[in-house]
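Notes for the structure review
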Amino acid sequence: MNNSKNGAAPWLFEITPKNKFFSLNLTEVWQYRDLLLLFVKRDIVTVYKQTVLGPLWYFIQPLFTSIIFTIIFNTVAGIATGSVPPFLFNLASITVWNYFSSCLLATSDTFKANAGLFGKVYFPRIIMPLSIVLSNLIKFGLQLLIFIAFYIYFIVSGESLSPNFTLLFFPVLVVLMGLMGLGLGMIISSMVTKYRDLTYLVTFGIQLLMYISAVNYPLALIQEKMPDYSWIIDYNPMAYVIEISRYMLLNTGSFSVGSFLYVGVVTIAVFFIGLLIFNKTEKTFIDTV
C-alpha cells in the first residue's frame, strides 16, 4: 500500500503476506538487525542474571560433564581414547555437542515461548531463532576457550598433541552445526504449536540422541563392537560432526571428504525443510498456540 497519491510521503515499511516458502527475507532481517542484536544480548545477559555464579555456569557444565564421562566411560567402562587424554577427548565432544543441542532445544520452543510477543509486535519471525543460534555461538566460543586452556595444559604436561590442516575447516563445521540445530528446531517449534507434549519429547530425545552421536566414545568402537547395529550411527549426521570435530581438534578418529559432504547435504536439506515449515506456520500459529 502507498499513500503517495494523497500527496503524503510513501510508507516506510509495507507488511504483506509471504508467498515464498523458502524466503529468508534477508533484506528485512538486515533492517531489523538492531532488534536481532538486542535479542542476542538478552539471551546472553538475562539467562544467569540472578544466579550466584552467573556466567561461570557456561564453564561449569562442560567441565563437570567431562569429569563424569571420564570416570564412568573411560575409567569404569574402560573405553579407550587412543593417545588423547580421556578428559580432553570428552571435553572436545561435549563442547561441540552442547552448541548443537542448545540451538535445537531453544529454537524448538520459539512459537510457544514468544506467542505473546509475536501477537503484539511485527518483526521478521526468523529473527528469534536466528538470535538463539548467534547467542549460543558466543557461549560456544567461551566454552571453546576452556578447551583450548586444557589443551595447552596437557601439551605443557608432556602429552603428544598436535592439530592438523583440517582445523582450517572447523568454522565451516560450526556453521553446519548451527544450521542443523536451527533447521530441526524450526521444524519442532512448528509442530509444538499443535502438539504441546512434543516439548517434553524433545528434552528426552536430545539425551538419547547424544548416545547415538558418538559423543562419549570413538565412532570406530561401535562399528567394531556392534557391527549389526552400527548403521544407526552411520546414518546419523551428528555422529560424523562429533567424530570430525575430534579429528580437527585432537587429530584422533577418522575424517573423510565423503562424510563431510554428507553432513553438509543433510544439514542444508534439514534447514530448508525447517524454513519452509516455519514460514508456513508463522501465518497461522497465533490461532493454535
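Residues numbered from 1 in each chain as written. Predicted model: local features only at pLDDT ≥ 70, side-chain atom pairs only at ≥ 80, totals over all residues. Heavy atoms only, no water.

**Observations concerning the overall build of the protein**
- If you tally the helices and strands in the protein, you get 13 helices and zero strands.
- Scanning the protein from its N terminus toward the C terminus, one meets helices and strands in the order α-α-α-α-α-α-α-α-α-α-α-α-α.
- Of the contacts made within the protein by residues no fewer than 6 positions apart, 78% connect residues no fewer than 24 positions apart.
- Summed over its atoms, the accessible surface of the protein is roughly 15,600 Å², and 69% of this surface lies on carbon and sulfur atoms. (Helix = DSSP H or I, 4+ residues; strand = E, 2+ residues; numbered from the N terminus. Contact = heavy atoms within 4.5 Å. Areas by Shrake-Rupley, 256 points an atom, 1.4 Å probe, with all protein chains shown as cover.)

**Regarding the side chain of Ser108**
- Relative to the helices and strands, Ser108 resides in the loop between α4 (86–107) and α5 (110–113).
- Accessibility expressed as a relative area gives 5% for Ser108, which makes it buried.
- In contact with Ser108, other than residues within four places in its own chain, are Gly185, Ile188, Ser189, Val192 and Val202. (Buried < 20%, exposed > 50% of the residue type's maximum accessible area, 1.4 Å probe, protein only.)

**A closer look at the pattern of salt bridges**
- Evaluated as defined, the whole model comprises one salt bridge.
- Glu243 serves as the salt-bridge partner of Arg246, at 3.0 Å between the closest nitrogen and oxygen. Placement of both Arg246 and Glu243 in helix α12 (residues 237–250) is noted, with a separation of three residues, approximately one turn of the helix. Each member of the pair, Arg246 together with Glu243, is buried. (Salt bridge = Lys/Arg side-chain N within 4 Å of Asp/Glu carboxyl O.)

**Some remarks on the packing of helix α8 (residues 170–192) against helix α13 (residues 257–281)**
- Contact geometry of α8 with α13 gives a least axis separation of 7 Å together with a crossing angle of 35 degrees. For the element pair α8 and α13, the recorded crossing hand is left-handed.
- Of the residues assigned to the contact of α8 with α13, the class counts are 18 nonpolar, six polar and no charged. (Axes fitted to C-alpha atoms, helices over the stretch in contact; angles between N-to-C directions. Left-handed = near helix turned anticlockwise from the far one by under 90°. Nonpolar A, V, L, I, M, F, W, Y, C, P; charged D, E, K, R; others polar.)

**Overview of unusual backbone geometry**
- Phi at Ala214 is positive, roughly 55 degrees, even though this residue is not glycine.
- As for its position among the elements, Ala214 is in the loop between α9 (198–211) and α10 (219–225).
- One non-glycine residue, Asn251, lies in the positive phi region at around 60 degrees.
- Tracing the backbone through its elements, the reader meets Asn251 in the loop between α12 and α13.

**Quick notes on the environment of Tyr58**
- Considering the arrangement of structural elements, one finds Tyr58 in helix α3 (residues 57–76).
- You can call Tyr58 buried: its relative accessible area is 6%.
- C-alpha separation for the pair Tyr58 and Gln143, spaced 85 residues apart in sequence, amounts to 6.7 Å.

**Some points on the layout of surface pockets**
- When its volume is computed, the largest pocket comes out at roughly 700 Å³.
- Lining the largest pocket are 27 residues, and of these Asn98, Ser101, Ser102, Leu105 and Asn136 sit closest to its centre.
- Of the residues contributing to the lining of the largest pocket, the split by class is 13 nonpolar, eleven polar and three charged. (1 Å grid on protein atoms, 1.4 Å probe; cavity = no way out; pocket = protein on both sides within 12 Å on 5 of 7 lines; lining within 4 Å. Points joined across faces, edges and corners; volume = space filled by probe spheres on them.)

**Concerning the confidence of the model for the protein**
- Averaged over every residue, the pLDDT of the protein is 83; residues scoring 70 or more account for 85%.
- For the protein, helix α6 (residues 115–118) is the element with the lowest average pLDDT, namely 71, and α12 is the one with the highest, namely 94. (pLDDT = per-residue confidence, 0-100.)

**So, the nonpolar core**
- Counting residues in each nonpolar core, the largest one holds 71 residues, and the members touching the most others are Leu88, Trp97, Phe147, Phe170 and Leu250.
- Of the residues forming this core, the biggest block, twelve residues, is contributed by α4.
- Beyond its immediate sequence surroundings of up to four residues, Trp97 is in contact with Ile206, Leu209, Met210, Ser213, Val215, Met238 and Ile242. (Core = buried A, V, L, I, M, F, W, Y, C linked by side-chain atoms within 4.5 Å.)

**Points about the packing of aromatic side chains**
- Tallied over the full model, the rule gives eleven aromatic pairs.
- Both rings, one in Phe147 and one in Tyr151, keep their centres 5.8 Å apart while their planes meet at 50 degrees; by these two values the pair is tilted. Highlighted residues: Phe147 and Tyr151, both in helix α7 (residues 127–156), separated by four residues, approximately one helical turn. In this pair, the class of Phe147 matches that of Tyr151, namely buried.
- Pairing Phe271 with Phe272 gives two aromatic rings, centres 5.4 Å apart and planes at 70 degrees, and the pair type is edge-to-face.
- The class for Phe271 is buried, based on a relative accessible area of 10%.
- The rings of Tyr99, Phe140 and Phe170 are connected pair by pair, giving a single aromatic cluster. (Phe/Tyr/Trp six-rings, centres within 6.5 Å; stacked < 30°, edge-to-face > 60°.)

**With respect to the packing of α7 against α8**
- It is at 10 Å that the axes of α7 and α8 come closest, and there the two elements cross at 140 degrees. Here α8 runs oblique to α7, going by the angle between their axes. The interaxial crossing formed by α7 with α8 has right-handed handedness. Only Phe170, Val174, Gly178 and Leu182 of α8 make contact with α7, whose side of the interface consists of Pro129, Leu130, Val133, Leu137, Phe140 and Leu144.
- Looking at the contact of α7 with α8 residue by residue, the class counts come to nine nonpolar, one polar and no charged. (Parallel < 35°, antiparallel > 145°, perpendicular 65-115°, else oblique.)

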